[in-house]
Amino acid sequence: MPVRTANAVWEGNLKEGKGRMRFGGGAFDGAFTFASRFEEGSGTNPEELIAAAHAGCFSMAFSNELSKAGFTPTRVSTIARVHLESGTITKIELVCEGKVPGIEEKQFLEIGEGAKKNCPISRLVTGATVTLQATLLK
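Please read these numbers as outputs of a predicted model, since none were measured by experiment. (Residues numbered from 1 in each chain as written. Predicted model: local features only at pLDDT ≥ 70, side-chain atom pairs only at ≥ 80, totals over all residues. Heavy atoms only, no water.)

Draft legend 1. Geometry of the overall build of the protein. When helices and strands are counted, the protein shows four helices and six strands. Reading the protein from its N end, one meets helices and strands in the order β-β-β-α-α-β-β-α-α-β. Considered along the principal axes of its C-alpha atoms, the protein spans approximately 55 × 30 × 25 Å. Taking all 138 residues of the protein together, the buried fraction comes to 33%. In the protein, once contacts between residues fewer than 6 apart in sequence are set aside, the share between residues at least 24 apart is 48%. (Helix = DSSP H or I, 4+ residues; strand = E, 2+ residues; numbered from the N terminus. Buried < 20%, exposed > 50% of the residue type's maximum accessible area, 1.4 Å probe, protein only. Contact = heavy atoms within 4.5 Å.)

Draft legend 2. How the structure looks around the packing of helix 2 (residues 46–68) against helix 3 (residues 105–118). Packing of helix 2 against helix 3 brings their axes to within 9 Å, and their N-to-C directions diverge by 130°. Considered as vectors, helix 2 and helix 3 are oriented oblique to each other. Both helix 2 and helix 3 take part in a crossing whose hand is right-handed. Taken together, the residues of helix 3 that come into contact with helix 2 (itself represented by F58, A61, F62, E65 and L66) are F108, I111, G112, A115 and K116. In terms of residue class, the contact of helix 2 with helix 3 is built from seven nonpolar, one polar and two charged. (Axes fitted to C-alpha atoms, helices over the stretch in contact; angles between N-to-C directions. Parallel < 35°, antiparallel > 145°, perpendicular 65-115°, else oblique. Left-handed = near helix turned anticlockwise from the far one by under 90°. Nonpolar A, V, L, I, M, F, W, Y, C, P; charged D, E, K, R; others polar.)

Draft legend 3. Expanded view of the sheet that holds strand 1 (residues 6–11). Across the sheet, three strands lie side by side as 1-2-3; this open sheet has antiparallel pairing. Unpaired on one side and paired on the other, strand 1 and strand 3 (29–33) mark the two borders of the sheet. Strand-to-strand, the axes of this sheet are offset by a mean angle of 20°, without reference to chain direction. For strand 1 and strand 2 (residues 18–23), the ladder comprises six bridges, and the chain directions are antiparallel. For N7, the partnering residue across the bridge sits in strand 2 and is R22. (Pairing = 2+ DSSP bridges.)

Draft legend 4. Looking closely at helix 2. Taking 1.5 Å per residue as the helical rise, helix 2 with its 23 residues ought to reach 33 Å, and the 33 Å between its terminal C-alpha atoms agrees with that figure. Turning to helix 2, its buried residues number three or more, namely E47, L49, A51, H54, A55, C57, F58, S59, A61, F62 and L66. Two or three places before E47, at the opening of helix 2, N45 has a side-chain oxygen 3.1 Å from that residue's backbone nitrogen. Phi turns positive, to about 95°, at G70, one or two residues after helix 2. (Expected span 1.5 Å × (residues − 1). Polar contact = N/O pair within 3.5 Å; in protein donor to acceptor, adjacent residues only side chain to side chain.)

Draft legend 5. Fine view of the packing of aromatic side chains. The tally for this structure, following the rule as stated, stands at five aromatic pairs. Considering the side-chain rings of W10 and F32, the 5.1 Å spacing of their centres and the 50° angle between planes classify their relative orientation as tilted. Pair noted here: W10 is in strand 1 and F32 is in strand 3, with a separation of 22 residues, a long-range link. The buried category is assigned to F32, whose relative accessible area is 10%. Taking 5.0 Å as the distance between ring centres and 40° as the angle between the ring planes, the aromatic pair formed by F62 and F108 counts as tilted. Linking F62 in helix 2 with F108 in helix 3, this pair joins segments that are 46 residues apart in sequence. Taken as a pair, F62 and F108 share a single burial class, namely buried. Taken together through their ring pairs, the aromatic side chains of F58, F62 and F108 make up a single cluster. (Phe/Tyr/Trp six-rings, centres within 6.5 Å; stacked < 30°, edge-to-face > 60°.)

Structure representation (structure tokens):
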């Protein structure tokens, strides 16, 4: 498997400083500040990038688990909400909608829980509580 990279630079002190984060593949280059991380300022922050990574990873993992169970998902869409409290990521809420022909809701939810547990990003963030709210769309 390839090794993925990203780069971040911070200039100045914590409150007045500023930074930039870049993905190694060039798909993202964004500014971040104290305000964008701990307040409601413009720009991105590490937690937002973790949320994007978790949403993408979980959507792929869920789709894969559904396929392994014999279902072909039409669509799996996930929102991840990362909670940063007192300098610690305490909780990540995954809110997912899936359109999967032929599956019953109970099996959809069971497969979703398995995907949540085994998604590589879920396994990475073991210090946080990860919850899943999954909705099967008809």
